[in-house]
Amino acid sequence: DDAPNWIFRGQGDAGWRLSTTLQRALKKRSVEDPSYRAHVENSSIGFFKDRSRLHLPNTPDEQDILGWLALMQHYGAPTRLQDWTISPFVAAYFAYRDDGDTDAVLWAIEAYYCRQQVAPGTMVSLAWDHLQIFDEAPTITQAEKENETLREAIRKGSGWPLPMLPFNVDARMTAQQAAFLVATDIDFPVDDLLDKSKWPKPVEPDPFYANLAPRVGITPLEEPYQLIKRIPLPRAWRDDALRSLRRMGITDDTMFPGTDGAGRATARQVVAEELSLRDTLNNT
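What counts, and at which threshold
- Residues numbered from 1 in each chain as written.
- Predicted model: local features only at pLDDT ≥ 70, side-chain atom pairs only at ≥ 80, totals over all residues.
- Heavy atoms only, no water.
- Core = buried A, V, L, I, M, F, W, Y, C linked by side-chain atoms within 4.5 Å.
- Buried < 20%, exposed > 50% of the residue type's maximum accessible area, 1.4 Å probe, protein only.
- Helix = DSSP H or I, 4+ residues; strand = E, 2+ residues; numbered from the N terminus.
- Contact = heavy atoms within 4.5 Å.
- Salt bridge = Lys/Arg side-chain N within 4 Å of Asp/Glu carboxyl O.
- Pairing = 2+ DSSP bridges.
- Phe/Tyr/Trp six-rings, centres within 6.5 Å; stacked < 30°, edge-to-face > 60°.
- Lys NZ or Arg CZ within 6 Å of the ring centre and 35° of its normal.
- 1 Å grid on protein atoms, 1.4 Å probe; cavity = no way out; pocket = protein on both sides within 12 Å on 5 of 7 lines; lining within 4 Å.
- Points joined across faces, edges and corners; volume = space filled by probe spheres on them.

S.K.: I'd like to hear about the nonpolar core, residue by residue, with values.
M.R.: Trp84, Ile109, Leu150, Trp160, Leu193 and Leu227 are the most contacted members of the largest nonpolar core, which has 40 residues in total. Contributions of two or more residues to this core are made by α2 (34-52), α3 (65-74), β2 (81-85), β3 (104-110), α5 (111-118), α6 (142-156), β4 (162-164) and β5 (178-182). What Trp160 contacts, discounting residues up to four positions off in sequence, is Tyr113, Cys114, Gln117, Val118, Val182, Thr184, Leu193, Trp199, Pro200, Lys201, Pro202 and Leu227. Counting residues in each nonpolar core, the second largest holds 17 residues, with Val90, Ala104, Ile250 and Met255 among its members.

Rendered as structure tokens:
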């Protein structure tokens, strides 16, 4: 089905929760005081900044918190970001790419609704004015506006996850059709949304933006499945699913452009015991 407002995430173990790496790290340390948790997160960002600049020729601007968090996420540092994608097929690939003994799972979340609960009016039906001809010239860039939206969401800590798209995308993010889901409350894993009684308090829609985007606030969601879906992926489907995804061009070497992706694809080729097209054509 057409699902323009949904984003997706695949996980290799159906028993895993939708917790961010920062949430898991703080839980492992048993850090419970909210102010101290904020100190730990803030310190970790500074720690990464100091060290990454030694190795990377280009880094985000100092005030580009979304850029820094995306970079930390890319290199395995704990963040409040979680990797999602706008493609359910890419999500299925990530659910099935690692072999294991458990069933996998495909998650889907209605990004538009979540965004409006965190930052009403920041996603309307009007595109960003890149030409700067529809309104007065903006005083800030779109990236600066998104960074302020992120900061304000963290300050409020409503619990609603904040969907965001990266700005400084690389080949890998492009291939994976990357999106992020930001945990605005470290104590609230996203899968708690499966229970409507745990939903954070919804915001009152601004009438101006409700008129621009009729979906907002006019038809409140009645059931969790309208907001979040959890789709089991049996392990028995893995080989057939990966074979179908390969025919769609979703493979290790396309999802991870570069030599590391070629290595992953080679390893899978050996295990799959399938001839490549080149070998098939030459097998005469």
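Having seen the structure, we can now continue with the description.
S.K.: Explain unusual backbone geometry residue by residue, including any values.
M.R.: Residue Gln177 is not a glycine yet carries a positive backbone phi of 50°. Following the sequence through the fold, Gln177 ends up in the loop between α7 (171-175) and β5. By relative accessible area, which is 33% here, Gln177 ends up partly exposed.

S.K.: Which residues make up the pattern of salt bridges, and what are the values?
M.R.: Applying the stated criterion across every chain yields a total of 15 salt bridges. For Arg17, the salt bridge is made with Asp191, and the minimal N-O distance between the two is 2.7 Å. Taken together, the residues Arg17 in the loop between β1 (6-11) and α1 (21-28) and Asp191 in the loop between β5 and α8 (207-212) connect sequence positions 174 residues apart. The exposure class assigned to Arg17 is partly exposed, which follows from its relative accessible area of 42%. In this structure Asp191 comes out as buried when scored by relative accessible area, which is 11%. The partner of Asp239 in a salt bridge is Arg238, with the nearest N and O atoms 3.8 Å apart. By relative accessible area, which is 48% here, Asp239 ends up partly exposed.

S.K.: How would you explain the pairing of β5 if you had to name every residue and give the values?
M.R.: The buried fraction of β5 amounts to 5 of the 5 residues, a majority that puts the element mostly inside the structure. A two-sided burial pattern is seen for β5, the buried positions comprising Ala178, Phe180 and Val182 on one face and Ala179 and Leu181 on the other. In this sheet, β5 lies alongside β2 in antiparallel orientation, the contact comprising 5 bridges. Across the sheet, Trp84 pairs through a bridge with Ala179, a residue of β5.

S.K.: How would you summarise the packing of aromatic side chains if you had to cite specific residues and measurements?
M.R.: Aromatic ring pairs are described here by two measures, namely the spacing of the ring centres and the angle between the planes. Counted by the stated rule, this structure contains 5 aromatic pairs. Between Phe94 and Phe256, the ring centres sit 6.0 Å apart and the planes meet at 70°, which makes this aromatic pair edge-to-face. Pair noted here: Phe94 is in helix α4 (residues 88-96) and Phe256 is in the loop between α10 (252-255) and α11 (259-272), with a separation of 162 residues, a long-range link. Residues Trp160 and Trp199 carry aromatic rings whose centres are separated by 5.9 Å and whose planes lie at 65° to one another, so their mutual orientation is edge-to-face. Taken as a pair, Trp160 in the loop between α6 and β4 and Trp199 in the loop between β5 and α8 lie far apart in primary sequence, 39 residues in all. On the basis of relative accessible area, Trp199 is assigned to the buried category, the value being 14%. Ring pairing ties together the aromatic residues Tyr93, Phe94 and Phe256, which thus form one cluster. Between Arg51 and the ring centre of Phe47, over which it is positioned, the NZ or CZ distance is 3.5 Å.

S.K.: Give a detailed account of α3, specifying residues and quantitative values.
M.R.: Buried residues dominate α3, accounting for 9 of its 10 residues. Of all the positions in α3, only Ile65, Leu66, Gly67, Trp68, Leu69, Ala70, Leu71, Met72 and Gln73 are classed as buried. Gly76, located one to two residues past α3, shows a positive phi value of around 85°.

S.K.: How would you summarise the layout of surface pockets if you had to cite specific residues and measurements?
M.R.: In this structure, the second largest pocket encloses a volume near 1,000 Å³. What lines the second largest pocket is a set of 40 residues, and nearest its centre among them are Arg9, Gln73, Asp83, Phe94 and Arg97. At the level of secondary structure, the elements contributing two or more residues to the lining of the second largest pocket comprise β1, α1, α3, β2, α4, α7 and β5. Looking at the lining of the second largest pocket, the element that brings in the most residues is β2, giving 5 residues.

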